[in-house]
Amino acid sequence: GAVVSQHPSRVICKSGTSVKIECRSLDFQATTMFWYRQFPKQSLMLMATSNEGSKATYEQGVEKDKFLINHASLTLSTLTVTSAHPEDSSFYICSARVTQLAGGPQELFFGEGSRLTVL
Amino acid sequence: QKEVEQNSGPLSVPEGAIASLNCTYSDRGSQSFFWYRQYSGKSPELIMFIYSNGDKEDGRFTAQLNKASQYVSLLIRDSQPSDSATYLCAVKVIKAAGNKLTFGGGTRVLVKP
């Protein structure tokens, strides 16, 4: 299947600093990528849809100035958590949509996830 | 009402038995349905998708969809300890603003040897 690579897998930072997470599609071009956040024992919550060459579309309640998304190329999207606070500690997962079958549903392939801990 | 609902479990299943997972959704416009498996600390991986009423089988997994009743289920036959994970149901709705997947809370499955 398609491969989505995410980096870093773990990051620990001090409160008030910014953290950048990269998401790459390794063997396909992804015009659209998605960023999810998952708190312990909870499901994935979509934060934003990242569109190559245009502004990201944020879900209700997600601060666009705090979670900066850049999708400058067809294989790379980045999420920057600005001025991180302990409540931002979570598992951040990116995904890309791939159409496996003509006319079929588009599958989501996930990156490995990035566990952010803000001290 | 949550858009996608799953029993959180844990669902305890003896090795070799059938694990049955259910998922209900609220939006009748939902068109595609996915089951993902997520091991602890890892990201989800796709097991199956289904978009037509009825059953779809892939190896030990069978997905069942009933759009009239708005539920989708996953059966795991001959359950193995390696099947112990959280299973996420995801539903895609096509809207004017774009498509997106909405995930259920997941069902934790424990397969006991």
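Refer to the structure above for everything that follows.
Predicted model only: the values in this text are computed from it and were never measured.

1. Focus: the state of the cysteines
All names here are of chain A. Counted under the stated rule, the structure contains two disulfides over all chains. Here Cys-23 is linked by a disulfide to Cys-94, with a sulfur-sulfur distance of 2.0 Å. Between Cys-23 and Cys-94, the S-S dihedral sits near 80°, and the bridge is therefore right-handed. Residue Cys-23 is found in strand 3 (residues 19–25), and its partner Cys-94 is found in strand 9 (residues 90–99); the two are separated by 71 residues along the sequence.

2. Considering the environment of A:Ser54
All names here are of chain A. Structurally, the position occupied by Ser-54 is in the loop between strand 5 (45–51) and strand 6 (57–58). Among the residues examined, Ser-54 registers a relative accessible area of 43% and is labelled partly exposed. Put simply, Ser-54 and His-71 are 17 residues apart on the chain and 7.5 Å apart in space, counted from C-alpha to C-alpha.

3. Topic: the nonpolar core
Within the largest apolar cluster, 26 residues are counted, with the highest numbers of intra-cluster contacts made by A:Phe67 and A:Leu116. Secondary structure elements with two or more residues in this core: strand 2 (10–13), strand 3, strand 4 (32–38), strand 5, strand 7 (67–73), strand 8 (76–81), strand 9 and strand 11 (114–118) of chain A. Leaving out residues up to four positions away in the same chain, A:Leu116 has contacts with A:Val11, A:Cys13, A:Val19, A:Val81, A:Asp88, A:Ser89, A:Ser90 and A:Tyr92. Listed in part, the 24 residues of the second largest apolar core include B:Val13, B:Phe33, B:Ile76 and B:Ala85.

The rules behind these values
- Residues numbered from 1 in each chain as written.
- Chains lettered and ligands numbered in written order.
- Predicted model: local features only at pLDDT ≥ 70, side-chain atom pairs only at ≥ 80, totals over all residues.
- Heavy atoms only, no water.
- Disulfide = S-S within 2.5 Å.
- Helix = DSSP H or I, 4+ residues; strand = E, 2+ residues; numbered from the N terminus.
- Buried < 20%, exposed > 50% of the residue type's maximum accessible area, 1.4 Å probe, protein only.
- Core = buried A, V, L, I, M, F, W, Y, C linked by side-chain atoms within 4.5 Å.
- Contact = heavy atoms within 4.5 Å.

Read these as geometric descriptors, not functional statements.
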